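# Overview (structure and organization)
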Amino acid sequence: MKFDIKKNSLLFISIAILLFFSFFLYFFTLESYDYIESFSIHIRQLFGRFYLWLGLSCVLLLILLAFSSWGKHRLGKTSDKPQFSRLAWMSMLYSAGMGAGILLRAVQEPVFMMHNPPIKNNISTKTIALEYTFYQWGFTAWAFYAVFAIAMGYYLFVKSKKVLSSSAFSSIEDLINSKRSKNIIFGSIDILAILTTVFGLVAAIGLGTTQIEGGLNHLFNENFGLKGTILILLIISLLAFTSVFRGVNKGIKIISTWNIYITIGLLLFVFLQNDVLSIITQFCTSLYHYIIDFIPLSLAYGEYNPGEAFLTDWTYYYWAFWLAWAPFTGIFIARISKGRTIREVIIGVLLVPSMGTFFWFTTFGQSAFEIIESFEVYQGQFDNVFSSIFVFFENYPFQGFINTLIILLLISFLVTSLDSAIFVLSMFTDNGKQEPSKKHRILWSIILTVFSIAIILLGNAKADINVLIAMQKLLIITSLPFSLLMVLMIILFFRDYKKNLHTNYSK
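Residues numbered from 1 in each chain as written. Predicted model: local features only at pLDDT ≥ 70, side-chain atom pairs only at ≥ 80, totals over all residues. Heavy atoms only, no water.

Attention shifts here to the overall build of the protein chain. Summing up its helical and strand segments, the protein chain has 18 helices and zero strands in all. Relative to the globule expectation of 23 Å for 507 residues, the C-alpha radius of gyration of the protein chain, 22 Å, shows essentially globular dimensions. Counting only residues that meet the buried cut, the protein chain has 62% of its 507 residues in that class. Carbon and sulfur atoms provide 64% of the accessible area of the protein chain, an area that totals close to 20800 Å². (Helix = DSSP H or I, 4+ residues; strand = E, 2+ residues; numbered from the N terminus. Rg over C-alpha atoms; globule rule 2.2 N^0.38 Å. Buried < 20%, exposed > 50% of the residue type's maximum accessible area, 1.4 Å probe, protein only. Areas by Shrake-Rupley, 256 points an atom, 1.4 Å probe, with all protein chains shown as cover.)

Right, let's get into the packing of helix α9 (residues 225–246) against helix α16 (residues 399–429). For the pair α9 and α16, the least separation of the axes is 8 Å and the interaxial angle reads 50 degrees. It follows from the interaxial angle that α9 and α16 lie oblique. Judged by the twist between their axes, the crossing of α9 over α16 is right-handed. Contacts from Ile236, Ser237, Leu239, Ala240, Ser243 and Val244 in α9 reach Ile411, Leu414, Val415, Leu418, Asp419, Ile422 and Phe423 in α16. Residues of the contact of α9 with α16, tallied by class, amount to 10 nonpolar, two polar and one charged. (Axes fitted to C-alpha atoms, helices over the stretch in contact; angles between N-to-C directions. Parallel < 35°, antiparallel > 145°, perpendicular 65-115°, else oblique. Left-handed = near helix turned anticlockwise from the far one by under 90°. Contact = heavy atoms within 4.5 Å. Nonpolar A, V, L, I, M, F, W, Y, C, P; charged D, E, K, R; others polar.)

Turning next to helix α6 (residues 125–137). For α6, spanning 13 residues, the distance from its first C-alpha to its last is 18 Å, which sits close to the expected 18 Å at 1.5 Å a residue. A large share of α6 lies buried, amounting to 12 of its 13 residues. The complete set of buried residues in α6 reads Lys126, Thr127, Ile128, Ala129, Leu130, Glu131, Tyr132, Thr133, Phe134, Tyr135, Gln136 and Trp137. (Expected span 1.5 Å × (residues − 1).)

Any aromatic ring pair is given by two values, namely how distant the centres are and how the planes are angled relative to each other. One pass over the full model with this rule turns up 47 aromatic pairs. Plain terms: the ring middles of Phe139 and Tyr290 are 5.2 Å apart, the flat faces sit at 45 degrees to each other, and that makes the pair tilted. With Phe139 in helix α7 (residues 139–158) and Tyr290 in helix α11 (residues 276–292), the pair connects residues that are 151 residues apart, well separated along the chain. The burial state of Phe139 is the same as that of Tyr290; both residues are buried. Seen from the ring of Trp89, Arg340 lies directly overhead, with NZ or CZ sitting 4.3 Å from the centre. (Phe/Tyr/Trp six-rings, centres within 6.5 Å; stacked < 30°, edge-to-face > 60°. Lys NZ or Arg CZ within 6 Å of the ring centre and 35° of its normal.)

This brings us to α11. Given a rise of 1.5 Å per residue, 17 residues ought to cover 24 Å, and the 24 Å separating the end C-alpha atoms of α11 matches this to within 8%. Here α11 has its buried residues at Ser278, Ile279, Gln282, Phe283, Ser286, Leu287, His289 and Tyr290. Relative to the axis of α11, the buried residues are bounded by an arc of 165 degrees and lie together on one face. Two or three places before Leu277, at the opening of α11, Asp275 has a side-chain oxygen 3.2 Å from that residue's backbone nitrogen. (Arc of directions from axis to C-beta. Polar contact = N/O pair within 3.5 Å; in protein donor to acceptor, adjacent residues only side chain to side chain.)

Here it is as structure tokens:
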């Protein structure tokens, strides 16, 4: 497995930066942690409102685009047809874009919001809790993915550019006279996308493996500790490598479809054993308030301003996290969306997954609310983000089977997130090929596994430092330049699309 340094400079520079960062994180742990903590707070304070405006703008632009005449055009030539069925397509994009997070927060977040309502008005705290959960997991999150996916899909399949983040900025190449400057600028964009992807994925894997370990500890009443976490990670990495090695059709698609079937089955299991009418009523009520309050919620305006402390801990962090996942999720969605119309992509990415997520959180949230009401005193049974869903299923039949199924589903979701990221990173470093070589897939599988293990080991090196939390906060730092680039990308996309519309689609 040989790599030419000159031809694969993006790969080697990215690895060198990751090793350099790992060195400082390991040997200067406390200093690195304090710096990340302090810098991330400053960024959220200075640019938090910018994140809010960017999120709202992305949602509104997508709605306008979907209902405009532009929405009928395909990502590709007019003769191109979708490669995947709608079910397989939506399964893959949902598994890559959200996945394990809905299991992690299914119970804990609605319950937290109910006990700590961000705003106070004449609406019930249950409705406020679900409305805010919808807000933080809904249209805005998927809008970040969809904007990037549509822009990249246009440049990949209409303009025939390489699978690189810098391809979205190809129309300004002529403004840069020096070839060296051009290589530095566009190379920096691609390196930023790679690093953001790696850090975002490692943070998600760290959280996911911790939840799996928490579930196993809860099921077997035994602490499996660090060795158990690393073993879980190795199993996930091996499965992800097998999946991505087999490719999109044979690996990623099969596991993603399995994820959706099991998730729907789990949802129906909870839904049908509770007050169906109350869940549907709460869903409609919360959705109504979410939609009519969407703009003031998105801008934290007036009575919908929960305060800087809440915004800093929750909304700004979520927006930065979704932005951090946009490079690999957006490109992956673009890669599997060739031949679909822009309108279908927007509906499929923005609306359908959001509605499914809303119903998921309503079903689990409303059920948890009713369980809490049956307690004489609530003693924080659902407060732990890593074990809340396992505690929740103790109130249902077949809890052993269901909790085992959840652990398998968590593993499966992490596998699809990891294999999607490996595939996209391989496309980045294999000269932007849509079907990257297997040696790149092998290499990124190894790099991500080793880097993830290193971060988990580091997270256990010192009792007073949680490095996984630091990694999450690091995403807030790395997502800022990417969010600024996204503004430029949106402007260039609309300009280029309008300029070349008749030329590209008259062929």
